[in-house]
Amino acid sequence: MSKITVVGAGNVGATAANVLSIRGVADEVVMIDIKEGVSEGKAMDMMQTANLLDMNTRIKGVTNDYEATKDSDVVIITSGIPRKPGMTREELIGVNAGIVKSVTESVLKYSPNAVIICVSNPMDTMTYLIHKVSGLPKNRIIGMGGALDSSRFKYYLSQELKANPNEVEGMVIGGHGDTTMIPLKRFATLRGIPVSEYLSEEKLDKVVADTMVGGATLTKLLGTSAWYAPGAAAAEVAEAVLHDQDAIIPCSALLDGEYGEKDLCVGVPCLLGKGGIKKIIELPLNEEEKELFRKSSEAVHKTNDALPK
């Protein structure tokens, strides 16, 4: 029986659990939260859609009972405080580091063979922290950020192109931050044709700029972090792993010489399937893109330095 645990039943975690269940990704989805009744209530609410949506996944909600997560194939960590308007992801590091460390130790106690997907912000640094506290093989720890950023990039491209979002391909690498992500406009396509054939350089630059502040734009509108796209992005990564899809999805992965970086988790295209990251794909970046990646990596290293010792 396949099983996925979602740690944190807030907006992002609950959305991830809902998407996983509707898509039938796993036989069982467990939501766990520290707040009494929240995960139980949301799980019950979701289960009451089972007949309406022809859903077969069993959803369970628990409060602080990590034994209920036992033998999970995949664990999605969404725990931590969300951004407020005006906050950067990096400002969350102090509080969220303690939460993520504790959660990682708790889930691995009962699911030592799980693949861990990190959603908590600052996402690249929290993914790096999980590597440091868990001692797991690097293929089994994945940061979700690139999947979300790429989805936002494709959204803005489709809006500018006035095209079906499902016919647009685009990829974002680098750090999961408003100033560190790198939407790769040179690699973006519409039905296999470079988007530069349809959009001027000025319009492409606007798409890139909008993508980079995509999360901040939503935080300003909503008063808190977004949740539908982040939850769905986490579910997409989990499905690729659990169903051994060999899907190429940009994710935060621990680099060991790839792209000229070491001891760093940052967004790069990854081949995802059974066991997590099967391969890190090195793109033929041009000099401008290499320099952007270097600066992005430098910024993520700096954030990592702020982790509690």
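Remember, predicted model here, so these are calculated numbers, not experimental data.

Student: Hey, could you go over the overall build of the protein chain for me, with residue numbers and the actual values?
Tutor: The number of helices and strands found in the protein chain is 10 helices and 14 strands. For 309 residues, the compact-globule estimate of 2.2 N^0.38 gives 19 Å, and the protein chain sits close to it at 18 Å. Along the three orthogonal principal directions, the C-alpha set of the protein chain runs to about 50 × 50 × 35 Å. Across the 309 residues in the protein chain, those meeting the buried criterion constitute 54%. For the protein chain, the accessible surface area stands at approximately 13,900 Å², while carbon and sulfur atoms represent 51% of it. A distance of 2 Å separates the average location of the 33 positive side-chain charges in the protein chain from that of its 40 negative side-chain charges.

Student: Let's hear about the pattern of salt bridges: which residues, and what values?
Tutor: Inspection of the entire model under this criterion finds 15 salt bridges. The closest approach of N and O atoms between E167 and R191, which form a salt bridge, is 2.9 Å. One end of the pair, E167, is in the loop between α6 (145–161) and β7 (168–169); the other, R191, is in the loop between β10 (189–190) and β11 (193–194), and 24 residues separate them in sequence. Across the pair K290 and E287 runs a salt bridge, and its minimum N-O distance is 3.6 Å. In this pair, K290 and E287 both sit in helix α10 (residues 287–304), three residues apart, roughly one turn of the helix.

Student: Talk me through a nonpolar patch on the surface; I want residue IDs and the actual numbers.
Tutor: Taken together, I22, L52 and L53 make up a surface patch of nonpolar side chains, about 320 Å² in accessible area. The residue L53 is located in helix α3 (residues 50–53) in this model. In this structure L53 comes out as partly exposed when scored by relative accessible area, which is 45%.

Student: Tell me about the packing of aromatic side chains, residues and numbers included.
Tutor: Summed over all chains, the structure comprises three aromatic pairs. Relative to F293, the ring of Y259 has its centre 5.1 Å away and its plane inclined at 35°; by these criteria the two rings are tilted. In this pair, Y259 sits in the loop between β12 (247–256) and β13 (262–273) while F293 sits in helix α10, placing the two residues 34 residues apart along the sequence. Looking at F293, the relative accessible area reads 2%, which means it is buried.

Student: Describe the sheet that holds β7, listing the residues and the values that go with them.
Tutor: Sheet architecture is open: three strands sit in the order β7-β10-β11, paired in antiparallel fashion. Each having just a single partner strand, β7 and β11 make up the two edges of the open sheet. Both β7 and β10 contribute to a ladder of two bridges, which runs antiparallel. Note on β10: the bridge partner recorded for E169 is T189.

Student: Describe the nonpolar core, with residues and values.
Tutor: In terms of nonpolar packing, the biggest core is built from 54 residues, with L20, M31, I76, L272 and F293 touching the most fellow members. The biggest single contributor to this core is helix α9 (residues 228–242), with seven residues. Non-local contacts of L272, meaning those with residues more than four positions away in its chain, are made with I142, V237, A240, Q245, D246, A247, I249, C251 and I277.

Student: Lay out the packing of α6 against α9 with the relevant residues and their values.
Tutor: In contact at an axis separation of 8 Å, α6 and α9 are set at 120° when each is read in the N-to-C sense. In terms of orientation, α6 lies oblique with respect to α9. Between α6 and α9 lies a crossing whose hand is right-handed. Side by side, α6 and α9 meet where A147, L148 and R152 of the first sit next to A229, P230, A233, E236 and V237 of the second.

Student: Could you give an account of the side chain of N96, naming the residues involved and the relevant values?
Tutor: Mapped onto the elements, N96 comes out in helix α4 (residues 93–110). Note on N96: relative accessible area 1%, which makes it buried. A polar contact is formed between the side chain of N96 and the backbone oxygen of N121, at a distance of 2.8 Å. Setting aside its immediate chain neighbours within four residues, N96 contacts G80, I81, N121 and M126.

Student: With reference to specific residues and values, describe helix α2 (residues 38–47).
Tutor: Along α2, the residues that are buried comprise S39, A43 and M46. Summarising the axial view, the buried residues of α2 lie within an arc of 60°, below the 170-degree limit, and thus occupy one face. Summarising the geometry of α2, the exposed residues directed more than 90 degrees from the buried face are M44 and D45. Packing partners of the buried residues in α2 comprise α1 (11–22), β2 (28–33), α3 and β3 (58–63).

Student: Which residues make up the environment of D246, and what are the values?
Tutor: Within the fold, D246 resides in the loop between α9 and β12. Along the chain, D246 and M47 lie 199 residues apart, while their C-alpha atoms are 30 Å from each other. Setting aside residues no more than four positions away along its own chain, D246 makes contact with L271, L272, G273 and K278. Polar side-chain contacts of D246 include one of 2.8 Å to the side chain of K278.

What counts as what
- Residues numbered from 1 in each chain as written.
- Predicted model: local features only at pLDDT ≥ 70, side-chain atom pairs only at ≥ 80, totals over all residues.
- Heavy atoms only, no water.
- Helix = DSSP H or I, 4+ residues; strand = E, 2+ residues; numbered from the N terminus.
- Rg over C-alpha atoms; globule rule 2.2 N^0.38 Å.
- Buried < 20%, exposed > 50% of the residue type's maximum accessible area, 1.4 Å probe, protein only.
- Areas by Shrake-Rupley, 256 points an atom, 1.4 Å probe, with all protein chains shown as cover.
- Lys, Arg positive; Asp, Glu negative; His and termini not counted.
- Charge placed at Lys NZ, Arg CZ, Asp CG, Glu CD.
- Salt bridge = Lys/Arg side-chain N within 4 Å of Asp/Glu carboxyl O.
- Patch = residues over 30% accessible without salt bridge, like charges linked within 9 Å, V, L, I, M, F, W, Y side chains within 5 Å.
- Phe/Tyr/Trp six-rings, centres within 6.5 Å; stacked < 30°, edge-to-face > 60°.
- Pairing = 2+ DSSP bridges.
- Core = buried A, V, L, I, M, F, W, Y, C linked by side-chain atoms within 4.5 Å.
- Contact = heavy atoms within 4.5 Å.
- Axes fitted to C-alpha atoms, helices over the stretch in contact; angles between N-to-C directions.
- Parallel < 35°, antiparallel > 145°, perpendicular 65-115°, else oblique.
- Left-handed = near helix turned anticlockwise from the far one by under 90°.
- Polar contact = N/O pair within 3.5 Å; in protein donor to acceptor, adjacent residues only side chain to side chain.
- Arc of directions from axis to C-beta.

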